[in-house]
Every structure is written in structure tokens, then in C-alpha cells.
Amino acid sequence: MSSKKWLLMFACSVLIIVFAIAGFNFITDPFGVFGDRFFNWYSYNFTQNPRVAKIAYLDRHHEKYDSYLIGSSSTSSLSVERLNKYMNASFYNMFMYGADIYDVEQTVKYIVKNFTVKNIVLNIGPINAEKYNKESHPLTDNLHAKTDGSSLARFYVKYLFANPNYGLAKIRSFYRDGYLPQVFDVFDVPTGAYDKSARDIERIQDLEDYKENYPVFSNYPRFNYEFAHIDDFIGSVREIKLLCDENDINLTVIFFPLYYGHYKAFNPERLEEIYSKLAGITDFWDFSVHPLCTDPRFFYDATHFRNALGDMALARIFGDETVYVPEDFGHYVTPVNVLKQVEKYQAGHVFDDSGYTIKVPVLLYHHLDETAGGSLVISKERFEAQIRALAEAGYTGVSLQQLVDYVEKGRELPEKPVLITFDDGYASNYEIAYPILKKYNMKAAIFVIGSSVGKDRYKDTGYPIIPHFGYEEAREMIASGLIEIQSHTYDMHQSADYELNTARTAMSRLEGESEKAFMQAVRDDFTRSKKDIEEQTKSPVIALSYPLGRYSDLTEALLREMGVKITLSTEPGINTLIKGLPQCLRALKRIAAREDTSPETLIKMLGGP
Amino acid sequence: MPVATFSFLLFISATLLVYFTVPRRSQWIVLLVASYVFYASAGVKQLLFLVLTTIISFSAGFLLAGVKNKNKKKFILASALVLDFGLLVFLKYYNFAASGINALLAGTGFALPVFKLLLPLGISFYIFQSAGYVIDVYRGKYPPERNIARFALFVSFFPQIIQGPISRYDRLAPQLSASHEPDFDRLKYGIQLMLWGYLKKIIIADRAAVLVNTVFADYMNYPGSIAALAVLFYCIQIYCDFSGGIDIIRGIAQMMGIDMVENFRRPYFATSLADFWRRWHISLGGWMRDYLFFPLSLSRPFYRLGKRTRRLFPGKLGKIIPTSLASFIVFFVIGIWHGASFKYMAFGLYNGNIISFSIIAAPYFTAFLEKIRIDPQGLPWRIVQIISTNFIVFIGRYFTRGPSLMAALRMLKRTVFSFNMQALRDGTFRTLGLSGFDLFLIVAGCFIIFLVGFYQEAGVEVRKALERKNWLVQWALVMAALAVLVFFGIYREGYIASEFIYQQY
Amino acid sequence: MPMEEKLLKILKELRPEVDFTRETRLIDEDILDSFDIIALVGELNDTFDIQIGPEHLLPENFNTLSCILDLVRKLQAEG
């Protein structure tokens, strides 16, 4: 080949490569700017660049929404569902992680100009006066050209010739994707919020444990806020306010809750300026400094409050009495009271969780016997001795519903609560334990395996098994007001000895079982269990005790979706319940009471370590 | 403007376009303008040093031509060298020296100011290049340049100013001034060389750098085997980065019709450490030989030293001692030229010692080989030599890449005393920033480089051999190279491509 | 002894395995390395009573036997 031909070939090759890149970027569309026709995976696109991909998404789907939540990443902790309920609207959470007020202003302008908008909730804070229109990475945190008015042609060319590694990464992630969100797809597409199904199921109880898992609170970063952009900040909010007034849009401005380590770094004089100037433009709800600001458990990290605090904030604004809201949480700021609000930053907050936490031990029993005791079997005599000891030590048996009410509504529990639980639903629970519980007026919860209720033979194979009580007995016990009947799965506690096929002994994936198949199995099983119990006993199922105590993020997420408010594991320990933080009811720890546990030992064990 | 950017490619294309459209007489002006634009894009302030060096060296050459008196000539040469190198030494070593002195005088209340000195891009390359010119003019090798603009182009020629090669005036300047027609062959070769260079740089070097940086940033937390692996990767990284960069530079020059000297000749095929340094950074080695090693060896003190050693040690040993000392000094200078740090001094001493020792020991060693009947010219022995040379180079790299002399020694100690073979298999590797695929690319790339090097060592012209292949094969090669570059190159976006490792030396 | 023989003797002693009468690219092909050059220059200086300086160490002065001879003659004439 002559050199001339070679050069021609080279030029053609370059052209081919150029077209190949463009085609590849168009097909994989890692930022969702071309409509993502092939993957249709907006959760991924939002994660890559929420500013760009959310606008691209809304361009096609804005009819579904009439209201918008806007702000930076903490905005995700304000629940779209609650807002929809409170305001009778359909919200979209148009938050953009890392957004500054410039991004917010440009986005509001675009939304108001192009979509139908009834309400806007602006979630901001004094920190928005720190940076303004900062330099951004041209692909991953820039605004959409439609939003900031830059050249659309250049915008599309830029994404057409983006580094193809972004597209490759999308393909790779596609094959690694699972049901729970991973680092590459953290968004819930219909609401626009972060998908926290994996984040909000972790058990949060003891403060020290929490700090160990989240070391940032023991070694809190040194922030320094000079608030160099107050006028830019105020200017942007004024623009937004004017725009809303002109277009008859209901604007709610929220200063979001902060961790006290964070606001300690605020420059006090400049803070006053921010508050006064903002109050001059619009009234706003201020949650910055609040009674829980010293408790790390209400924060995901150094600067992001949990959904739990977001729920409280919305409940406070809309006066929802069914949600626990601590006293002195949130203030409506007007020009009249604005300075009083700034003073709150100076008040020394001391950590004290005694008003909103309580220790709750949970006891675990299985089968009882008139005379003999064994490893998982307890004799009548020993059981009664233990219950008597509890009563004498001043413990009050509480129900699962009481725990839920404590956490969700802040309804107080008796001084020394104990939750007594029985797994499997043996007839002995009814015949032996129930009379004793009645005698000492102790509440308890029994977790039945749906497929064995009322049976003394193993399902299908007919092997004789320890007898289980039936729904007749269940109804009688519930009627007493002492006993709750809850789920121990319908049939996910199989016995390997009696099954013909592979036994599913716990709620965990079988070997070779796909995630999808397992999810279906869990959903089907719990739906059946819940339906049976609720139809037969007319009382709701709110809790599940895990067979063998085995659980995973996936089971927790699925059960939470299906309305299970409490799950119980078999990990030993005492639980700390926290008002307003539903995660404290996940995978409760339980103390197994055994035949060889003397009443004295039991009482000691309940006292905690 | 790093070479692995779109803007650099645009700049090159634009320069080429203008270069071949202007009247041929003015081509050199295009190059001069392009060179200054390129250099200014890295920072306008840095231009000061470039202009200063150009003026000093040009004036020295100009003055030397008009002077007959030997002492006056010497004075002019000395002044020019002191000024040129003074600039370099001040910028490079002032802070190192000042903080050293301050540490010594700590407590006396006396302290030298420590400045925030930014080393201008490629400064040592253009200072070496212009100093070589002044010395050559002094030696009467060629008459001086009469046109300062043409001289400025020789000093600043843009592809080479970043990281060499260090060109000689008599080879480069005539080519810069000549007129060049666009030539398909040269364009093709230039593009091919650039592709090859980019492959080495952004596929292999920048990828290997990920692992190297991870380990060296936290070297105390890795066992000896991982440290050794990181140094091995650094050997790969620095060769591919530096020689790849030079290939890109030579490719660009070639498209313009300008041949630049080779800077690397398959150094990892060297059979001795001295051989290695003749194949690695050849233009620096040549500069050091002509302007430091030769004058030093032939100087009066060394001559006298030689007489004395020959009397003391009759035979080969006595003759070789002064030369060894000279080479020792050269390596020491190269060592500290790399940077103001004790680790570079150690690096210089290490190389100088081994080379001097091997020269002195060579005759005895050859005799020993003959005794045990090993053919010193045979292939098996050559392989042994290549492996042992690479091993010596490998150990030396602990010093150049280690964060400090102490760090390098600590890592060496770990490699020897707590190697922990297990760490190579137990998944630690996965935590070093590279995926299995990255590793595959590096290994495959090294294999291809080895293969090409192997054929070149055997005297095969690989490019010519490929040219004789079917057009489909050639096309497939080009497409594969482009695709690999586009899809697996490490770019500034997403990944930050390392700047040229060598460009500030 | 004629000059050429003396020179060959010096070279032979330096590198016994090289055929100096046939090689024409002693420097360009790295047959003589810089250590050899320095050793050679020392011998030349002593044997022919000349002063070879760094400025004479160019490939064209050392590439062949006759080049070296020319250099020596030139310096003797100057000296």
C-alpha cells in the first residue's frame, strides 16, 4: 500500500471511529441526554448527572407532576409521598446533589417557564451563601444547556463525544444491577428522590454502635463558613420568589435541619445578615437548629439529615398530629421574630437522649412442656418462675403495637417495658403459657408459621410434629387483649428432615436461586401469611420474626415495602428504641430464655450489660 | 497542554496545516511562533527563563566567534555556562539547600527565605541544549548562529521542549531552517510513530501509574511483594511514559520533515548497566559524555591521577581508575539533576558504583567465565546478563520513585525481609486500583512492546515488515490502535492523566 | 616502528577481539565505548606525544583506523 493510500485509510479510520463513538454514546446514553431509548435506565442517568438527566426526564414526563421540591442532596430527605398527601399535589423531587443556589434558580426558571407548576418547596440553608455558580465538571455536574441557556448544539456534541468509558461503565453496571440500589443507581425515578430502600433499613439503636459505623461523627470535619455570597444567595431567592408570585405558584421555603457540628462553623455576624435579608423577601420555615441536632443517629453523614427528620419537619409544617415531632422543632420565621431565630445558633446544645429513647429487652421462647425442659423447650414451672420474677421486678409486658406507637407517635411506654415473644406458634403457648401470662397480666407476641397453624402433622409428608394451636385459639388469645399473633413466615421455616425437595429453612436465598425468584418467593410467602392471619384474627400484621434469625438487606427492604414495621432477629442484646426513628425497630435483638436460665439470671440479663 | 488532550491534537493539526501552506521560506517562522504559543500556554511567566537562556547562549556564541584570545574565549564560555546553569541550579536546588541550611542553623535565629519556585516546563532540556551549543562553538565545532530568531527556534522547538530529546545544534538547526514539502511517507511514519507513542503512554503507562501511585502513597502498609510489584510497574510506567512521549514528539517532527535523535533503544534488552545507560535517555547520556565525561577524563588533574594509579597498580586496573572516577561523577551529577533530594544522590552513587566496579572487575570476570567454560558471547549468557541488568535497574528504581531516601530503603528492606508471597494471591491486588482487565491490557501491551523490541534487536525493521502485509491487515491494525486508544485510553476526564513524569527534570 | 603499526598495537591491546583494519564505524556502532576512547586517548597522548582534547572527541575522528591516524598526524603537525 502506498503512503498516500495509507493516509487515506487512516483518515477514513478516524472518521469511522468518530462515528462509532457518537453512535456508542447515543446508544448507551450514560447521562440520559438523548432519551436513553435503549436502556431506559434513568436511575443510572440521574446518578451520573442529576442536573442534566432530570431535566431530560421531566421534558418527557412533566405531565405527571404539578409541584416540585428543589434543593441540594439533603432535599431528598423530604418525602414526596407526605407532601402529596399534605398538599394534595403530585410532587417531583427535583433535587440535584451538590447544587448551589445558582443551579437551583436556573432550574426553577426552566421548570416554571416550561411546565405546569402549582407548588414549589425550596429546601435550602445558610450554607447556600457559601458558594455560587462554582466551576463544574463539563459532563457530570454541569447544568443542562436548556436550563442555563448555553448553546444546545455544543451541549449535545459534548455528550456525543464524551469519553466512551462512561458508556462502558453503564453497560458494566447494567449487568451488575440488582434490586437494591447500588452506587451507580441511587435514584427512585418516579419521585426523583434517592432510593433509600437499602439505606433506611439498617438497625439504628445504640449511639456508640452508630458512631462506630459512622466514624465521621467521632472525627467530625472542620468546616469554615465565611458566607461570601450572601447577596448572590438572596438575589437568587428573590428571583424565585418573584417568579412564583407572578405565576401564582405557592412557594414554601425551608431551612433544613443541621447537625450541630456543622453549624458551629458558621460565621455568626454573616448568619444574622442572611436571616434578616431572607426574612425581608419571604417568610420561611427554619429547622436549622433543633432539639435533635446533637444526635448523630438522625443524620446519614456529617451534612445530611435522615428522612426521619424530614418527616418530622413536614409534619410540623402541616400540623400532622400522627407523627412524632419533638417540642421546639421548627419555627416559622417572619421579619418580626427573625433575630430570635438567629440567637438559637448560640444556645449550647448538650446531648441528652433520655427524653426520646428507651431500653426495651425482648424475650424469646419457643415450645413449653408440662414437666420436662430441654434446649429449646421450657418447663411450665420454670416459665412461671421467670414471668413471676419479671412482674416482681416491676417489668410490664408491652405489645408490638405499643413499640410502634412509641417510635412513630412518641406515645410513652411503661417505665420498665419488656416484650415477650414466642416463635413457631406451638399449642403449648396456648395451653401452658397463655394462662400464666394472664395470671401475671403480661402481654406477649406469638409468631406463627402460616402453614403449620393448627397442625400436628408436617405439611405434605404427614410426619408427626409438635402440635400447633389453631386460629380458634388465636382469636381467643387476641380477645384477651394480651396476645398479638404475628408472622413467622407462611412456609419459609421448613424442616430439612421432613421435606421431599430442598428445604427452605429460613428467609434466605437457596443455592442457585436468582435474586428475582427469591424476591418473588418472599413476597408470595409473606402476602399469604399476612392474609391468613388478618382474615382469621381480624387484627393487622405489623411484625415478622425471622426464621432462624436470618435476614438480609433485601428481606428487610421487601418486608418494609409490604408494611412490616418491626422485624425480629435472634441476635442477643437489649434494644434501644428512639422516638421518631423507625429504623430502631429493624431486626430487634432478643434474649433467649431457656430452661437453665434462673429467674435471677433473667432479671440480670434484662438489665443490660 | 498535555499531549493526551484533544486540544493538543488540534494544535498540532493547525500548526501542520499552516506549516505546509505558507511559503517554504517562512516555515521556520511558523515553527517559532507555534513553539512560543505552545510554551506560553503552560504559563506566560515561564517564558522569561526561556528568553533569558536564549539571549545568554546566543550572545555567548556570537561573542566567541569574534574573539581569538584563548583566555577571553574561556571567560566567555565560563560566564555563559555559569549564567545558564546558575538559573537551573537556583530554580532547582535553592529551596533544598536553603531548608538544609536553615535546619542546621535552627535556633540561631538566622534563616534563609524559602521561595515558592515553580520549575519552568522543560527548563533543564533547553538549558542543556543551549549549553551544548555554546561549548561546541567554543571548541570550534561549527560557526555560531547569526540570526537570534533562528536560534530561538532551536532552543524552543515545541515538540521537544517538554521532555527532550536534547538535540545538537549541528543536527537540528539546519533541518529547522530548511524548507519542507509535505511528504506522504513522512506523514505516514509520523502518524504511526505518534500512535505507537500514545499507545505506550495512555494505555500502559497511565494505567500502570494507578497501581504505582496507590502503593507508593501508602508504602508502609504493603508487604514486600506488593512493594516489589509496584516498583516493577514503575519500571513499565516510566519506560512507556517517557519513550512514548518521545515517540509522539519524534512523530510530530517527522511529519514536518524533521528528524530528531532517538532517545531510547530498547533499554530493557541491555546486557550491562553501562549498556542500559547507552540505551536509556540516549540524548542525555550523549550530552553528559561529550560535555562532562570527556572533558573531565582528559583534564589535567585526571591525567596526573592516571599516571599515579598506573604506577601503583600496573596493568588494566591502574588505567581504569581515573575513568571510573569520572563516570562516577557523571552519574552523581545525573542523580542530582533528577531532583534535589538525597534519594537521587543515592541513585547516582548506586549506578556510578556498579558501573565503576563492573569495569574494574570485567577482566577478572571474563577470565572466570572462561575457566568454567561459559561463552561470554553465547545466547544463554546474554540472557543471564539481560536479566541481571534489569534486576540492577529494578533495584535502582526504588530510589527514583520512593518518596524519600528513607522510604526507598524501608521498601527495599520489606522486599527482602518481609516479602509475603501470599499477598500477590490473596486479593490484595484487587485493592490497588486496577481491574483484571487493566492488568490484561498492561501485560498484553508489554508483550507487544517486547515482541517489537525483540525483532528490532534482531535487526528486523518492524514497520517495513508490516507494510508488506495485506491492506486488510494494515487497516485492522490502524482500527485496533484507534479503538484501543479511544476506549481504553486514560484521559483527563474521568481519570486524570498523569503529566509527563519527566517534563520538569 | 611505523605509526600505523604502533597504533594497531595499542588498539589490539585495548580490544583484542575487534578487527580494526576492516571496521569503518567504530564510534557510530558503539564498538568503542567512551571508556575505550579515554583509554585510547591516554595511550595516543603518551605514545605520540600529543594533546588530544575533548574538542577532538568527535565520531569522525575515531570511526576508522585511518581517521585516528589523520588526527594524530594533524596534532603532531600542530604541536
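Treat the numbers as computed from the prediction; the structure is a model and nothing was measured.

Calculation rules
- Residues numbered from 1 in each chain as written.
- Chains lettered and ligands numbered in written order.
- Predicted model: local features only at pLDDT ≥ 70, side-chain atom pairs only at ≥ 80, totals over all residues.
- Helix = DSSP H or I, 4+ residues; strand = E, 2+ residues; numbered from the N terminus.
- Rg over C-alpha atoms; globule rule 2.2 N^0.38 Å.
- Buried ≥ 20, exposed ≤ 12 C-beta atoms within 10 Å, placed from the backbone.
- Contact = placed C-beta atoms within 7 Å.
- Pairing = 2+ DSSP bridges.
- Axes fitted to C-alpha atoms, helices over the stretch in contact; angles between N-to-C directions.
- Nonpolar A, V, L, I, M, F, W, Y, C, P; charged D, E, K, R; others polar.
- Core = buried A, V, L, I, M, F, W, Y, C linked by C-beta atoms within 7 Å.
- Domains from an automatic or database assignment.

Draft legend 1. Broad picture of the overall build of chain B. Secondary structure summary: chain B contains 20 helices and zero strands in total. Against the 2.2 N^0.38 benchmark of 23 Å for 505 residues, chain B shows a C-alpha radius of gyration of 24 Å, consistent with a compact globule. Seen along its three principal axes, the alpha-carbon backbone of chain B occupies a region of about 70 × 65 × 60 Å. Within chain B, buried positions represent 39% of all 505 residues. Sequence-distant contacts in chain B: of pairs separated by 6 or more residues, those separated by 24 or more amount to 75%.

Draft legend 2. Here's a closer look at the overall build of chain A. Assigned secondary structure in chain A consists of 21 helices and 18 strands. Its C-alpha atoms put chain A at 95 × 80 × 45 Å along the principal axes. Looking at chain A as a whole, 46% of its 609 residues qualify as buried. Counted over contacts in chain A with a minimum sequence separation of 6, partners at least 24 positions apart contribute 73%.

Draft legend 3. Seen up close, the sheet that holds strand S5 (residues 284–286) of chain A. Residues and elements named next belong to chain A. Judged by pairing direction, the sheet is mixed, and its six strands sit side by side in the order S2-S1-S3-S4-S5-S6 without closing on themselves. A strand with exactly one partner marks an edge of an open sheet, and here the two such strands are strand S2 (91–93) and strand S6 (331–333). On average, each strand axis in the sheet is tilted by 25 degrees relative to the strand beside it, whichever way the strands run. Relative to strand S4 (residues 250–255), strand S3 (residues 119–124) runs parallel, the two sharing six bridges. Bridge pairing in S4 links Asn 123 to Ile 254.

Draft legend 4. Broad picture of the interface of chain B and chain C. Listed by partner, the interface residues are 14 residues for chain B and 12 residues for chain C. Of all elements in the fold, only helix H12 (282–297) and helix H14 (316–338) of chain B reach the threshold of two or more residues within the side of chain B that touches chain C. At five residues, the largest contribution of residues to the side of chain B that touches chain C is made by H12(B). When the residues that make up the side of chain B that touches chain C are grouped by side-chain class, the tally is five nonpolar, four polar and five charged.

Draft legend 5. Representation of the environment of Pro267(B) within the structure. All names here are of chain B. Tracing the backbone through its elements, the reader meets Pro 267 in the loop between helix H10 (224–255) and helix H11 (273–279). Taking the C-alpha atoms as reference points, Pro 267 and Ala 480, separated by 213 residues in sequence, lie 27 Å from one another. In this view, Pro 267 contacts Tyr 239, Phe 276, Arg 279 and Trp 280; residues no more than four positions away in its chain are not counted.

Draft legend 6. Region of the structure containing the interface of chain B and chain A. Contacts between the two partners involve 17 residues from chain B and, on the opposite side, 17 residues from chain A. When residues in the side of chain B that touches chain A are grouped by element, the largest group, nine residues, is from helix H20 (residues 471–488) of chain B. When grouped by side-chain class, the residues that make up the side of chain B that touches chain A number 12 nonpolar, two polar and three charged.

Draft legend 7. Local environment of the nonpolar core. Tyr68(A), Leu69(A), Ile70(A), Ile120(A), Ile254(A) and Leu403(A) are the most contacted members of the largest nonpolar core, which has 155 residues in total. Ranked by residues supplied to this core, first place goes to helix H13 (residues 307–318) of chain A with seven residues. For this core, the domains that each give at least three residues are domain 1 (64–152 + 181–346) and domain 2 (357–604) of chain A. Once residues within four sequence positions are removed from consideration, Ile120(A) is found in contact with Tyr68(A), Ile70(A), Val108(A), Cys244(A), Ile249(A) and Leu251(A). Core analysis: the second largest hydrophobic core is formed by 138 residues, Ile76(B), Ile202(B), Ile203(B) and Phe233(B) among them.

Draft legend 8. Structural context of the arrangement of the chains. Contacts are most numerous, across the two pairs of chains in contact, for chains A and B. Structurally, chain A and chain C remain out of contact, their C-alpha atoms never closer than 30 Å.

Draft legend 9. Local environment of the domain arrangement of chain B. Residue and element names in this part refer to chain B. Domain parsing of chain B yields domain 1 (6–182), domain 2 (183–264 + 402–505) and domain 3 (274–387). Facing the 10 residues of domain 1 at the interface are six residues of domain 3. For the side of domain 1 that touches domain 3, the element with the most residues is helix H5 (residues 123–139), which contributes four residues. Partitioned by chemical class, the residues of the side of domain 1 that touches domain 3 number six nonpolar, three polar and one charged.

Draft legend 10. Up close: the pairing of strand S17 (residues 575–578) of chain A. Residue and element names in this part refer to chain A. Residues of S17 alternate between two faces, with Asn 575 and Leu 577 on one and Thr 576 and Ile 578 on the opposite face, all of them buried. Judged from the four bridges that link them, strand S7 (residues 357–360) and S17 form a sheet pairing that is antiparallel. Paired with Lys 359 across the bridge in S17 is Thr 576.

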